[in-house]
Amino acid sequence: MAESPLIWWRRQGLRFRLTVAASAVLALALALSASVLLSVLERALMDTVDESTLTQAQAVRVAADAGTLTSPITTHDGTIVQVIDARGRITHVTYGTDRLVPLLDAGARAKVLATGEATLLDGRPYAIPGFLRAIVLSADHGQTVVAARPIGEIQTSLATAGRVLLVGTPALIVLLAVASWLMIGRTLRPIAALRRGAADITHTARSRRLPVPQSRDEVHSLATTLNDMLARLEEAEQRQRALVSDAAHELRSPLASIRLQLEVALGHPDGQDWQETAEGVLEDTMRLSRLAEDLLALARLDERGGVPARREPVDLDEVVRRTVDRYAEVRLTACEPVVVRGDALDLGRVLTNLLDNAVRHTSSKVEVALTADGVLTVSDDGPGIPEADRERVFNRFTRLDSGRSRDEGGTGLGLAIVRETVRAHGGTVVLEDASPGLRAVVRLPPTI
């Protein structure tokens, strides 16, 4: 089956299509320009002939009215003149002009007189080569003045101009097409460099960047944007690799503990306290379960690209009350009505992670407060966190020396989940000194 022209056109290269399109537009523009030029030139030349002929005809009419016509009539520019009386006889002519047959018959003369415009006349029946432009004026005593001028030279000039345009226009189109091909190729050269640079970037050369042209144009902006994208992809890949490495490290410890306890129990079944072994395995299994849940939560946050799973009105005060009710050691000091947009489950997880962290490190009390401007605070009176480490603890799998014991139950992902979830909801979270203890401050934009 033959390929359609449209499909063939789309299969061609960008350089070819741009050159053909530019050449086609240029050819159309030049053709229209040539046509307009010839038309305007012809009109201008004809107007000049008509004006000169009219001037001669008016001079002859004045002489006819005054009765001072000479025989033959003298004209300085080769204009042919016939003076016809009321009976249709030719009375006066210019030298060499027919004295028997009028250039225009009575009907034609009347028509030209009515319109007042020059008419085109074939001069060959009157032994005059080429065409004539004829004008008719009415004089006294029923006389009519017919003045005509040959336009053979004008037609020759127009034909010559047409031939020049017919030859020169295609040559100019070809010349400009070649120039367009070269200029478009030069313009697309940076894009070809980008393509080669992109082809060189592999999984073994992730830190490579695309070449950025020196010119401050759209290609420069494209290369800069692509390099920024590569930097973000590289950063995301590094975070992913770090997460996989940290997750493998975190999973190895409970799995090794479970394996050791089971091997010891199976190796010495008679002297083994199976209930104690089961409790130890269960504890490690719970740690694995919490770690898997936190990893799944982070994966979902990364997959959504910093966007909440839902965008719906959430009564944040109701979420706070329901979550605090699950903790006997937590006191709710203030809970003003606040409505935010987002996902109620994600926001509940934020508060749960903050409360778990606070309960794990508090000495005696944990207090929660929510104000009408969307500020949620969780305070404890534990040992706190040094100011230099308050930002670092939001990184994934980060534990400070005081909290490194895995027997505490933390996975090192709670605060990372908190920050990314709050950011997805358009808010911020910081840690402050509570003197004593630590205060987590979450700010969420309330709906208006």
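All of these numbers come straight from a predicted model, not from anything done at the bench.

A few words on the sheet that holds strand 1 (residues 80–84). The pairing of strands in a sheet happens through backbone hydrogen bonds and is either parallel or antiparallel. Across the sheet, which stays open at both edges, the five strands sit in the order 2-1-5-4-3 with antiparallel pairing between neighbours. Only two strands of the sheet have a single partner each, and these edge strands are strand 2 (90–93) and strand 3 (119–122). Put simply, the sheet's adjacent strands are angled 30 degrees from each other on average, direction ignored. Where strand 1 and strand 5 (residues 144–150) come together, five bridges link them in antiparallel fashion. Paired with isoleucine 84 across the two strands is threonine 144, which belongs to strand 5. Against the sheet, helix 2 (residues 14–66) touches strand 1, strand 4 (131–138) and strand 5, its axis set at about 40 degrees to strand 4.

Attention shifts here to the packing of aromatic side chains. Aromatic rings considered in pairs are described by the distance between their centres and by the relative angle of their planes. In total, this model carries one aromatic pair according to the counting rule given. Between tryptophan 8 and phenylalanine 16, the ring centres sit 6.0 Å apart and the planes meet at 90 degrees, which makes this aromatic pair edge-to-face. Overall, phenylalanine 16 belongs to the partly exposed group, its relative accessible area being 31%.

Membership of the largest hydrophobic core comes to 33 residues, with the highest contact counts inside it found for Leu316, Val320, Leu354, Leu355, Val368 and Val378. At six residues, the largest contribution of residues to this core is made by helix 8 (residues 344–361). When near neighbours in sequence (up to four residues on either side) are disregarded, leucine 355 contacts Thr323, Val324, Tyr327, Val330, Val366, Val368 and Val378.

Regions with low pLDDT should not have their predicted coordinates read in detail. Here the protein shows a mean pLDDT of 83. Residues at 70 or above account for 94%. No element of the protein has a lower mean pLDDT than helix 6 (residues 274–304), which averages 77, and none a higher one than strand 9 (residues 366–370), which averages 93. Low pLDDT, under 50, characterises residues 401–408; the stretch is placed with nine contacts to residues that sit more than four places away or in other chains.

Once that is clear, we can look at the sheet that holds strand 9. What the five strands build is an open sheet, ordered 7-9-10-12-11; its pairing is mixed. Every other strand in the sheet has two partners, leaving strand 7 (330–335) and strand 11 (428–433) as the edge strands with one partner each. Strand-to-strand, the axes of this sheet are offset by a mean angle of 15 degrees, without reference to chain direction. Taken together, the five bridges between strand 9 and strand 10 (residues 375–380) define a ladder with antiparallel strand orientation. Each bridged residue has a counterpart across the sheet, and for alanine 369 the counterpart in strand 10 is threonine 377. Sitting on the sheet, helix 7 (residues 316–324) touches strand 7, strand 9 and strand 10, and the angle it makes with strand 7 is about 165 degrees. Lying on the sheet, helix 9 (residues 414–424) is in contact with strand 11 and strand 12 (438–443); it crosses strand 11 at an angle near 135 degrees.

Rules and cut-offs
Residues numbered from 1 in each chain as written. Predicted model: local features only at pLDDT ≥ 70, side-chain atom pairs only at ≥ 80, totals over all residues. Heavy atoms only, no water. Pairing = 2+ DSSP bridges. Helix = DSSP H or I, 4+ residues; strand = E, 2+ residues; numbered from the N terminus. Axes fitted to C-alpha atoms, helices over the stretch in contact; angles between N-to-C directions. Contact = heavy atoms within 4.5 Å. Phe/Tyr/Trp six-rings, centres within 6.5 Å; stacked < 30°, edge-to-face > 60°. Buried < 20%, exposed > 50% of the residue type's maximum accessible area, 1.4 Å probe, protein only. Core = buried A, V, L, I, M, F, W, Y, C linked by side-chain atoms within 4.5 Å. pLDDT = per-residue confidence, 0-100.

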